[in-house]
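# Notes for the structure review
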Amino acid sequence: MLVKIYPDNPQPKEIERAAELLRQGGIVIYPTDTVYAIGCDALQVRAVEQICRIRGINPQRARFSVIGYDLSSLSQYVKIENTRFKLIKRNIPGPFTFILPVSASLPRLYKNRKTIGIRIPDNNIVREIVRTLGHPILSASLREDDDLTEYQTDPELIAEKYAGQADLIIDGGYGGLEPSTVIDCSGDQPEIVREGKGRLIG
């Protein structure tokens, strides 16, 4: 199902529909401030495993990222030292993924990993969905196998490809081609491990 949602003023009815699908274990494709992504309720293990099947990744080895509405909504799931907190706060919402140590609040599926990525995108659609849901969504970029087209940008083409796999596909306009900048904050010093769209404010 393809639904148009306006990023500047997301329709509450459609936001609630997306959140309810996630509560029921559904899969949703949505825009971010970088590329289109596919996600589910991060606390529902079967839905997370379904995302891994769709993306062809091993859930035991996958580099998971979760999206929150703001930093406080993610604070119980990751460990954030004061210096890291200040760095992240200066750069959100924005096109960044921050890798942080996992806390004990995430389901068993995440327990074999020491870190997880967190995202707070500068995109009203996905942030309102997360806010309405009440906890994070697991998020994975929609990568293409084609070497020439790494990321799909057209919502209608995305709908054609993923119609049988996602319960809801949100048309929030054309997506970007550049992924987020990834910063590993789990060590002694923050380290940029992937240069992407964002330019980090130190």
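A few points on the structure. (Residues numbered from 1 in each chain as written. Predicted model: local features only at pLDDT ≥ 70, side-chain atom pairs only at ≥ 80, totals over all residues. Heavy atoms only, no water.)

### Some words on the overall build of the chain
For the chain, the helix and strand inventory stands at five helices and 10 strands. In terms of overall size, the chain behaves like a compact globule, its C-alpha atoms giving a radius of gyration of 16 Å where 202 residues would be expected to give roughly 17 Å. If you line up the chain on its principal axes, its C-alpha atoms span 45 × 35 × 35 Å. Across the 202 residues of the chain, 51% fall into the buried class. Put simply, 64% of the contacts in the chain that link residues at least 6 apart link residues at least 24 apart. Surface exposure of the chain reaches about 10200 Å², of which carbon and sulfur atoms provide 46%. In the chain, 26 side chains carry a positive charge and 26 a negative one; their mean positions are 8 Å apart. (Helix = DSSP H or I, 4+ residues; strand = E, 2+ residues; numbered from the N terminus. Rg over C-alpha atoms; globule rule 2.2 N^0.38 Å. Buried < 20%, exposed > 50% of the residue type's maximum accessible area, 1.4 Å probe, protein only. Contact = heavy atoms within 4.5 Å. Areas by Shrake-Rupley, 256 points an atom, 1.4 Å probe, with all protein chains shown as cover. Lys, Arg positive; Asp, Glu negative; His and termini not counted. Charge placed at Lys NZ, Arg CZ, Asp CG, Glu CD.)

### Some points on the sheet that holds strand E8 (residues 168-171)
Taken in spatial order, the 10 strands of this open sheet run E1-E8-E2-E3-E7-E4-E6-E5-E9-E10, and their pairing is mixed. Each end of this open sheet is capped by a strand with a single partner; those strands are strand E1 (2-4) and strand E10 (191-194). In this sheet, neighbouring strand axes are inclined to one another by 35 degrees on average, regardless of whether the strands run parallel or antiparallel. Alignment of strand E3 (residues 37-41) against strand E7 (residues 137-141), held across five bridges, turns out to be antiparallel. In the sheet register, Gly39 faces E7, and the bridge partner there is Ser139. Where helix H5 (residues 155-162) meets the sheet, it contacts E1, strand E2 (28-30) and E8, and its direction lies at approximately 170 degrees from that of E8. (Pairing = 2+ DSSP bridges. Axes fitted to C-alpha atoms, helices over the stretch in contact; angles between N-to-C directions.)

### Thoughts on the nonpolar core
Side chains that are nonpolar tend, in soluble globular proteins, to be buried together. The biggest cluster of nonpolar side chains holds 39 residues, and the ones touching the most others in it are Ile29, Ile38, Phe98 and Ile118. Put simply, the parts of the chain that give this core at least two residues each are E3, helix H2 (45-55), helix H3 (82-90), strand E5 (96-101), strand E6 (115-119), E7 and H5. Sequence-distant contacts of Ile118, that is, excluding residues within four places in its chain, are made with Val66, Leu71, Leu74, Val78, Ile88, Phe96, Thr97, Phe98 and Leu100. Membership of the second largest hydrophobic core comes to 19 residues, among which are Ile5, Leu22, Ile129 and Val130. (Core = buried A, V, L, I, M, F, W, Y, C linked by side-chain atoms within 4.5 Å.)

### What to know about the pattern of salt bridges
Taken as a whole and judged by the stated rule, the model has six salt bridges. Glu14 is the salt-bridge partner of Arg17, the closest N and O atoms lying 2.9 Å from each other. One end of the pair, Arg17, and the other, Glu14, are both in helix H1 (residues 12-23), three residues apart, so they sit about a helical turn from each other. Look at Arg17 and you get partly exposed, because its relative accessible area is 33%. Close ionic contact of Arg131 with Glu128 constitutes a salt bridge, the shortest N to O distance being 2.7 Å. Here the residue Arg131 and the residue Glu128 both occupy positions in helix H4 (residues 124-133), the gap between them amounting to three residues, near one helical turn. Look at the salt bridges and you will find they share partners, linking Glu16, Glu20 and Arg23 into a network. (Salt bridge = Lys/Arg side-chain N within 4 Å of Asp/Glu carboxyl O.)

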